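Each chain, letter by letter, is given below.
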Amino acid sequence: MTADGYAIEVDQLVKRFGAFTAVDHISFAVQPGAVFGFLGPNGCGKSTTIRMLCGLLMPTSGTARVAGLDVARDPEGVKRQIGYMSQRFSLYQDLTVRENLEFYAGVYGIARSRRASRISEIIERTDMAGETETLTGALSVGVRQRLALGAALLHSPGIVFLDEPTSGVDPISRRRFWSLIGELRADGVTTLVTTHYMDEAERCSDIVMMRAGRVVARGAPDELKRVHSPGLVLSVRCERPQDAQHVAAKVPGVRAASVRGHRLHVVTDEAAEVAPSLAEELKAHGFGSAQIEPMPVTLDDVFVHLARREPDI
Ligand SMILES: Nc1ncnc2c1ncn2[C@@H]1O[C@H](COP(=O)(O)OP(=O)(O)O)[C@@H](O)[C@H]1O
Ligand SMILES: [Mg+2]
């Protein structure tokens, strides 16, 4: 932990590649035991930040402390304290599950006398007992990602960095992966995870949203929905929603209208005022009597809203 009691503390961190600034003065702090969601569109600087926090990439300026260690001054110390699951695949495809774990146990310098029992614990924890002799390349993506998490946990790190661990993973395996994250949390492990799935973001205790190298919002999921509410969202059932969306988008007070399934998803400035004129316009243009209901704001709405706005934090 840092002197202030944080597992991770980032202050005005910058990374430039030549003239390009990939990470632009970001600051945030992560409580011990948090499941910290690190969100933002592709190319906004998430992986670059994680690589700096893991002691793999030297910051241009600013500071970051992980488990109380300065990542620029003691990158090797940081590496011993953390587990890292990179976005790019790190396991050997032509080794079996057990061979991969044995290989990484060696990399992490786990004492020979401890290796077999630690590997057994990891196999049990990641529920891979039936797969130990399977070639890694033959595993489904979901199982492979569980193995990659297991490998990152071999040396019992207190902080783990998971960079898009569930990209391309089927929904059932995603749920299994998140129950593993839940078990880590119960053990007091701090997790920083990036994801593009908003249902996963909802499961985080805290979130930072980045855009173009900068932090655009931070807070617990409910807090983000309250503070960065993009206006009230209406769900509208009417005839021919594909055509109706263009009419809805032109109604004063409507910020955006799009089709979601058989309904229109309408983001407004002030729903109470917009709903009657929206219903009137849809009827006048031949889309029938619209049924309009307010919808709860989702993190998806917040995300889309913030993606359009200028960074200001
Ligand atoms: N080694 C590098 N050299 C030059 N540019 C890089 C390098 N690594 C990343 N970038 C650029 O930095 C930006 C942020 O990349 P990245 O951190 O991978 O984003 P994210 O993980 O959010 O998708 C991108 O524009 C990417 O092309
Ligand atoms: Mg990335």
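What counts and how
Residues numbered from 1 in each chain as written. Chains lettered and ligands numbered in written order. Predicted model: local features only at pLDDT ≥ 70, side-chain atom pairs only at ≥ 80, totals over all residues. Heavy atoms only, no water. Helix = DSSP H or I, 4+ residues; strand = E, 2+ residues; numbered from the N terminus. Buried < 20%, exposed > 50% of the residue type's maximum accessible area, 1.4 Å probe, protein only. Contact = heavy atoms within 4.5 Å. Areas by Shrake-Rupley, 256 points an atom, 1.4 Å probe, with all protein chains shown as cover. Lys, Arg positive; Asp, Glu negative; His and termini not counted. Charge placed at Lys NZ, Arg CZ, Asp CG, Glu CD. Near = heavy atom within 4 Å. Polar contact = N/O pair within 3.5 Å; in protein donor to acceptor, adjacent residues only side chain to side chain. Nonpolar A, V, L, I, M, F, W, Y, C, P; charged D, E, K, R; others polar. Donors = N, O, S within 2.8 Å, 3.2 Å for Na, K, Ca; no water. Phe/Tyr/Trp six-rings, centres within 6.5 Å; stacked < 30°, edge-to-face > 60°. Lys NZ or Arg CZ within 6 Å of the ring centre and 35° of its normal. Domains from an automatic or database assignment. Pairing = 2+ DSSP bridges. Right-handed = clockwise from strand over helix to strand, strands pointing away. Axes fitted to C-alpha atoms, helices over the stretch in contact; angles between N-to-C directions.

Participant: Let's hear about the overall build of the chain: which residues, and what values?
Facilitator: Counting its regular elements, the chain contains 11 helices and 14 strands. Across its three principal directions, the C-alpha atoms of the chain cover 80 × 45 × 35 Å. Buried residues in the chain amount to 50% of all 313 residues. The contacts of the chain with a sequence gap of at least 6 include a subset with a gap of at least 24, amounting to 68%. Counting every atom, the chain has about 14,800 Å² of accessible surface; 50% of that belongs to carbon and sulfur. Distance from the positive charge centre (36 side chains) to the negative charge centre (38 side chains) of the chain: 3 Å.

Participant: Tell me about the site of ligand 1, and name the residues and values.
Facilitator: The full set of residues close to ligand 1 is F17, F20, A22, P41, N42, G43, C44, G45, K46, S47 and T48. Within the backbone of G43, a nitrogen or oxygen atom sits 2.6 Å from an oxygen atom of ligand 1. Within the side chain of S47, an N or O atom sits 2.8 Å from an oxygen atom of ligand 1. Burial of ligand 1 by the protein chains amounts to 62% of its free accessible area of 560 Å². By residue number, the principal contributor to the shell around ligand 1 is helix α1 (residues 46-53), which donates three residues. Among the residues forming the shell around ligand 1, the class breakdown is five nonpolar, five polar and one charged.

Participant: An account of unusual backbone geometry is needed here, citing residue identities and associated values.
Facilitator: Backbone geometry at E164 places phi at a positive 45°, although glycine is not the residue there. Take E164: it is sitting in the loop between β7 (159-162) and α6 (171-186). Assessed through its relative accessible area of 10%, E164 is described here as buried.

Participant: Could you give me a rundown of the coordination of the magnesium ion (ligand 2), with the residues and numbers involved?
Facilitator: At 2.0 to 2.3 Å from the magnesium ion (ligand 2) lie its protein donor atoms, namely S47 (OG) and Q87 (OE1). In this pair, S47 sits in helix α1 while Q87 sits in the loop between β6 (82-85) and α3 (97-107), placing the two residues 40 residues apart along the sequence. According to the relative accessible area criterion, Q87 is partly exposed, its value standing at 41%.

Participant: Describe the packing of aromatic side chains, with residues and values.
Facilitator: All chains considered together, the criterion is met by five aromatic pairs. Plain terms: the ring middles of F28 and F36 are 5.3 Å apart, the flat faces sit at 15° to each other, and that makes the pair stacked. Note on F28: relative accessible area 5%, which makes it buried. Taken together, a centroid distance of 5.2 Å and an interplanar angle of 85° make the contact between F103 and Y104 edge-to-face. Overall, F103 belongs to the partly exposed group, its relative accessible area being 35%. Cluster of aromatic residues (ring-pair linked, three or more members): Y92, F103, Y104 and Y108. Looking at R174, its charged tip hangs above the ring of Y197, at a distance of 3.7 Å from the centre.

Participant: Which residues make up the domain arrangement of the chain, and what values do they have?
Facilitator: As far as domains go, the chain holds domain 1 (8-226) and domain 2 (231-296). For domain 1 and domain 2, the distance between their C-alpha centres works out to 41 Å.

Participant: Break down the environment of A279 for me, with residues and values.
Facilitator: With respect to the secondary-structure elements, A279 resides in helix α10 (residues 271-284). Relative accessible area serves as the criterion here: at 25%, A279 is assigned to the partly exposed category.

Participant: A description of the side chain of R174 should follow, citing residues and the corresponding values.
Facilitator: Along the polypeptide, R174 turns up in helix α6. Residue R174 is classed as buried on the basis of its relative accessible area of 12%. Polar side-chain contacts of R174 include one of 2.9 Å to the side chain of E200. In this structure R174 touches T166, V169, Y197, D199 and E200, once residues within four positions along its chain are discounted.

Participant: I'd like to hear about the pairing of β7, residue by residue, with values.
Facilitator: Neither face of β7 is exposed, since I159 and F161 on one face and V160 and L162 on the opposite face are all buried. Looking at chain direction, β6 and β7 are connected through four bridges and run parallel. Bridge pairing in β7 links I82 to I159. As paired strands, β7 and strand β8 (residues 190-194) are joined by four bridges and run parallel to one another. Bridging across to β8, V160 finds its partner in T191. Since β7 and β8 lie parallel, the crossover through α6 that links them has a hand, and here it is right-handed.

Participant: Explain the sheet that holds β6 to me, using residue names and the numbers behind them.
Facilitator: Taken together, the six strands give an open sheet; going across it, the order is β6-β7-β8-β3-β9-β10, and neighbouring strands pair in mixed fashion. Each edge of the open sheet is held by one strand with a lone partner, namely β6 and β10 (214-219). For this sheet, the mean inter-axis angle between neighbouring strands, taken without regard to orientation, is 15°. Examined bridge by bridge, strand β3 (residues 35-39) and β8 share four bridges and lie parallel to one another. Across the sheet, residue V35 finds its bridge partner in β8, namely T191. In the packing of helix α5 (residues 141-153) onto the sheet, contacts are made with β6 and β7, and the angle to β6 comes to roughly 155°.

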